[in-house]
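Coordinate analysis (summary)
The chain contents come next:
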Amino acid sequence: MTSQSKQTEMLSGAAMVIRALADEGVEYLYGYPGGAVLHIYDALFQQTKVKHVLVRHEQAATHMADAYARASGKAGAVLVTSGPGATNAVTGIATAYMDSIPMVVLTGQVMSHLIGDDAFQETDMLGISRPICKHNMSVRRPEDIPAIIKKAFYIAQSGRPGPVVIDIPKDMTIPSQTFPYHYPSEVKLRSYQPKLKGHSGQIKKAVTALLAAKKPILYAGGGVIMGGASNELTELAQLLNLPVTNTLMGLGCYPASDIQFIGMLGMHGSYEANQTMHHADLILAVGARFDDRVTNNTKKFCPDATIIHIDIDPASISKTINAHIPIVGLVQPVLSEMLALLHHKKKKPDSAAMKKWWQQIYEWRTVHGGRYDNAAPQLKPQYVIEQVSKITKGDAFVCSDVGQHQMFAAQYYGFNKPNRWINSGGLGTMGFGLPAAMGVKLNYPDADVVCVTGEGSIQMNIQELSTCKQYGLGVKIINLNNGYLGMVKQWQDMNYESRYASSYMDSLPDFVKLAEAYGHVGIRVTEPEQLIPALERAFALKDQLVFLDIHIDPKEHVYPMQIPGGAMNEMFLSKTERT
Amino acid sequence: MRHIISVLLENESGALARLVGLFAQRGYNIDSLTVAPTEDATLSRLTLVTHGNDQVIEQITKQLHKLIEVVKLTDLNESAHLERELMLIKVKASGAARDEVKRCADIFRGQIIDVTATTYTVQLVGTSDKLDAFIQALAGTTILEVVRSGVSGIARGEKTLAL
């Protein structure tokens, strides 16, 4: 064999799909087989580089890939069949899209000549996925497969990240038809050139404004985590003595145990974070998008603040709240440039003003301070989260479902590192937690991986307990079981005079038996004194999935809670107190 | 305010659907839309008329920019520009109306491009306002059919929207 013939290896479309994934560095491919992707599955079977993870429902495959991306910063990869396989993946694609998570989803499609004929398991996946992905493409010629896959990973991971869908008609992967394989080393697109560095003039302006501020706040979101800029952000905050608040997506980008951390902001943000934000004269927004769960009523939003907004996506700037100093660019180089300027200038904000500002913040901190009533005979969800944090030394990957338990985990776990808090923030997808925890555990087998969930959410992807058994995924499930769809119930308590329309479940399974049926360990906790021994036992069982069914006080609400239509700082503080 | 946005788009399947979908998803208006390939077969030129306040128009241009297939775009309203729209209008032309329609078409520099014993089809090119005015002027006659191309626009002077 000459060296030239080595370079022009001949592969079928199916083999090219798998080889391209391997060349892209994909270790795990999450998916579910079906008619339209059988050629690709056969190619998967004949190699060892790319390992396939067989889920029990395609939605779980997308959440696994998504959570891997949230933990590692690299795009996850998914393979599903056409029709129902593809539509089952839709929720997961939308989840990733809303949180700007890089992911590449390969969907099978019926043979090209059948497209449009309403063939068996045909669905217009390009049409369906168009509004919920960053980009999508279909394969028209098998020889284009390597370039299309390269392009997909490039688009998914660059700029503002997001999911990319590739639709592959079955006749593009026929094993007997081979084509020269070459995986491109880079992609250049004339129509897509994301900005990297920020505008120097704007950065200078921002630094000047920061130094002049008397009541500044640093408001950091998920962009700091996906942009790998936690170190720069932390350094900047500490250099300027800024109070730091995080969005739900940004938790962990600044250490929660640090004194300058004032908690999450927004609908269920801390009292001090929402007050500090409201009264600030300068907001430095980094990789955050002023969404409605943060701002409350935009007309009453932070009346005195000059806003500096750093974001990779120009469309996020001045979308809901007008930015006075917009900076478009990757957060990491922009923050580095700000730091360099500050080190060069050797100036600090007015220390007397900052001292006064911090005094005010400390006062706000004493008003609520994350208190909850732990005197009741029943276990409090907040207490459970605190104990989980304690036993995992605040260092676990915490993958959450959606609802009250998600807010309690966000408020009480205390994230000190980025990429450790994994939740569906934008779409709010119930059923995300377990597959997310699986995706993380598979890739970080030595880490503690916790799934915080409720009896509502867990049942949306409970079938994945079977996948956990197959791959030996020792996830710890913290099921905060209150017998209600807690967040729905809370809204019904507050806005519908406690008329619990369909928020109560009176035929819950025996979760302990269910866990055991799938071959796992189940532990029920009904009394407060059982909690710590149960947690100790669960986390000691390193390699086993343990399902902790923890019965908690069904009457508990999440507080603080912003008052709808109000300003940032208008909140309910408990069932009987409000600002 | 009315804006004319010109877009250079990769001439690929799905690109137009993506662009139109964006307007539907985000609740922006499309008053008219015209699209065709350019002298470069890999590019389509699209002219879109929309309206909204400054904030909405800013979001529209930013969101359009984000679409992977959008190569370049410009809001023609930002500088002097030309706009033209083509209209084909079929009207009843019998009795007194037959002369009246002819006179009106002449005044507007339209051309009668098809004739039957009872109808005229008039072709008219101009700004959208001019086409509206012609329809107004024909108020006394029976309009059978109106076909408008939507606006095409181009910047005045040396300014171009090209690669």
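On a predicted model such as this, the values are computed, not experimentally measured, just so you know. (Residues numbered from 1 in each chain as written. Chains lettered and ligands numbered in written order. Predicted model: local features only at pLDDT ≥ 70, side-chain atom pairs only at ≥ 80, totals over all residues. Heavy atoms only, no water.)

1. Quick word on the sheet that holds strand E5 (residues 103-109) of chain A
Strand pairing in a sheet relies on backbone hydrogen bonds. The paired strands run either parallel or antiparallel. Residue and element names in this part refer to chain A. Here is the rule: Two strands qualify as a pair provided that DSSP identifies no fewer than 2 bridges between them. A run of DSSP states H or I qualifies as a helix once it reaches four residues; a run of E qualifies as a strand once it reaches two. Both are numbered from the N-terminal end. Working convention: axes come from line fits to C-alpha atoms, limited for helices to the stretch in contact. Angles between N-to-C directions cover 0 to 180 degrees.
Ordered in space as E3-E2-E4-E5-E7-E6, the 6 strands form an open sheet in which the pairing is parallel. Bordering the open sheet on either side are strand E3 (51-54) and strand E6 (135-138), each of which pairs with just one other strand. This sheet shows a mean twist of 25° between the axes of neighbouring strands, independent of strand direction. Where E5 meets strand E7 (residues 163-169), 7 bridges bridge the pair, whose relative direction is parallel. Its bridge partner being in E7, Val104 is matched across the sheet by Val164.

2. A look at the domain arrangement of chain A
Residues and elements named next belong to chain A. This is how the line gets drawn: These domain limits were set by an automatic method or by a database of domain assignments. By definition, residues are in contact when any of their heavy atoms lie within 4.5 Å. When two parts are put together, the accessible area they lose, computed with a 1.4 Å probe and summed over both, is reported as buried area. Whenever Lys or Arg places a side-chain nitrogen within 4 Å of a carboxyl oxygen from Asp or Glu, that contact is recorded as a salt bridge.
Per the domain assignment, the segments making up chain A are domain 1 (3-180), domain 2 (200-367) and domain 3 (381-558). A separation of 38 Å is found between the C-alpha centroids of domain 1 and domain 2. Facing 10 residues of domain 1, the contacting portion of domain 2 comprises 6 residues. Across the domain 1 to domain 2 interface the summed buried area is about 650 Å²; carbon plus sulfur atoms make up 64%. Summed over the shared surface of domain 1 and domain 2, the result is 1 salt bridge. Across the salt bridge formed by Asp313 and Arg160, the nearest N and O atoms sit 2.7 Å from each other.

3. What about the domain arrangement of chain B?
Residues and elements named next belong to chain B. Structurally, chain B comprises domain 1 (2-78) and domain 2 (82-152). Using only C-alpha atoms to locate each centre, domain 1 and domain 2 end up separated by 29 Å. Domain 1 puts 7 residues into the contact, and the matching count from domain 2 is 6 residues. Carbon and sulfur atoms supply 50% of the area that domain 1 and domain 2 bury against each other, a total of about 460 Å² over both sides.

4. Description of the interface of chain B and chain A
Definition in use: Under this definition, polar contacts are N or O atom pairs within 3.5 Å; protein pairs additionally need one hydrogen-donor-capable and one acceptor-capable atom, and for neighbouring residues in sequence, both atoms have to be side-chain atoms.
With 22 residues of chain B at the interface, the matching set in chain A holds 19 residues. Our enumeration of links across chain B and chain A arrives at 2 salt bridges. With a shortest N-O distance of 2.7 Å, Lys66(B) and Asp313(A) are connected by a salt bridge. Here chain B is connected to chain A by 10 residue pairs in polar contact (both at pLDDT 80 or more). Where the side of chain B that touches chain A is concerned, the elements lending two or more residues are helix H1 (15-26), helix H2 (54-66) and strand E4 (70-75) of chain B.

5. Looking at a nonpolar patch on the surface
Residue and element names in this part refer to chain B. Cut-off, in case you're wondering: The patch calculation keeps residues exceeding 30% relative accessible area without a salt bridge and links them within 9 Å when they carry like charges or within 5 Å when they are nonpolar (Val, Leu, Ile, Met, Phe, Trp, Tyr). In this description, accessible areas are obtained by the Shrake-Rupley approach with a 1.4 Å probe, and a residue is regarded as covered only by the protein chains that are shown.
Residues Leu16, Val20, Ile30, Leu33 and Val35 make up a contiguous nonpolar surface patch of about 310 Å² in total accessible area. Those elements that place two or more of their residues in the nonpolar patch are H1 and strand E2 (32-37). Structurally, Leu33 can be placed in strand E2.

6. What to know about the side chain of Ser400(A)
Here Ser400(A) lies in strand E15 (residues 397-400). Setting aside residues no more than four positions away along its own chain, Ser400(A) makes contact with His405(A), Gln406(A), Trp421(A), Ile422(A), Asn423(A), Phe432(A), Gly433(A) and Val452(A).

7. Considering the nonpolar core
All names here are of chain A. Cut-off, in case you're wondering: For this analysis, a nonpolar core means a set of buried residues of the types Ala, Val, Leu, Ile, Met, Phe, Trp, Tyr and Cys, connected via side-chain atoms within 4.5 Å. Any residue under 20% of the maximum accessible area for its type is buried, any over 50% is exposed, and the rest in between are partly exposed; the area is computed with a 1.4 Å probe on protein chains only.
In this structure, Leu218, Leu284, Met338 and Leu548 are the most contacted members of the largest nonpolar core, which totals 71 residues. In this structure, this core is formed jointly by two domains, domain 2 (200-367) and domain 3 (381-558), each of which donates at least three residues. Sequence-distant contacts of Leu548, that is, excluding residues within four places in its chain, are made with Ile477, Ile478, Asn479, Ile523, Val525, Ala534, Leu535 and Ala538. Ala60, Val440, Val449 and Ile458 belong to the second-largest nonpolar core, a separate cluster that totals 50 residues.

8. Quick look at the packing of helix H10 (residues 230-240) of chain A against helix H13 (residues 331-345) of chain A
All names here are of chain A. Definition in use: Oblique is the label for every angle not falling under 35 degrees (roughly parallel), over 145 degrees (roughly antiparallel), or within 65 to 115 degrees (roughly perpendicular). Less than a right angle of anticlockwise turn of the near helix away from the far helix marks a crossing as left-handed, whereas a clockwise turn marks it as right-handed. Each residue gets one of three labels, nonpolar for Ala, Val, Leu, Ile, Met, Phe, Trp, Tyr, Cys and Pro, charged for Asp, Glu, Lys and Arg, and polar for the others, Gly among them.
For the pair H10 and H13, interaxial distance at closest approach is 9 Å and the crossing angle is 30°. Taken together, the axis directions place H10 and H13 in an arrangement best described as roughly parallel. The handedness of the crossing between H10 and H13 comes out as left-handed. Within the contact between the two elements, H10 uses Glu232, Leu233, Glu235, Leu236, Leu239 and Leu240 and H13 uses Gln332, Leu335, Ser336, Met338, Leu339, Leu342 and His343. Taken together, the residues that form the contact of H10 with H13 break down as 8 nonpolar, 3 polar and 2 charged.

9. Digging into the layout of surface pockets
Selection rule: For cavity detection a 1 Å grid was placed over the protein atoms alone, and a set of points counts as a cavity when a 1.4 Å probe fits there but cannot get out; an open set counts as a pocket when protein lies on both sides within 12 Å along at least five of seven lines, with lining residues being those that have an atom within 4 Å of a point. Grid points are joined across faces, edges and corners, and a volume is the space filled by probe spheres set on the points.
A volume near 1200 Å³ is recorded for the second largest pocket. Surrounding the second largest pocket, 38 residues form its lining, Asp313(A), Lys62(B), Gln63(B), Lys66(B) and Leu67(B) being those nearest its centre. Listed by contribution, the elements that provide at least two residues to the lining of the second largest pocket are helix H5 (84-98) of chain A together with H1, H2 and E4 of chain B. Sorting elements by how many residues they give to the lining of the second largest pocket places H1(B) first, with 5 residues. Counted by class, the lining of the second largest pocket contains 17 nonpolar, 9 polar and 12 charged residues.

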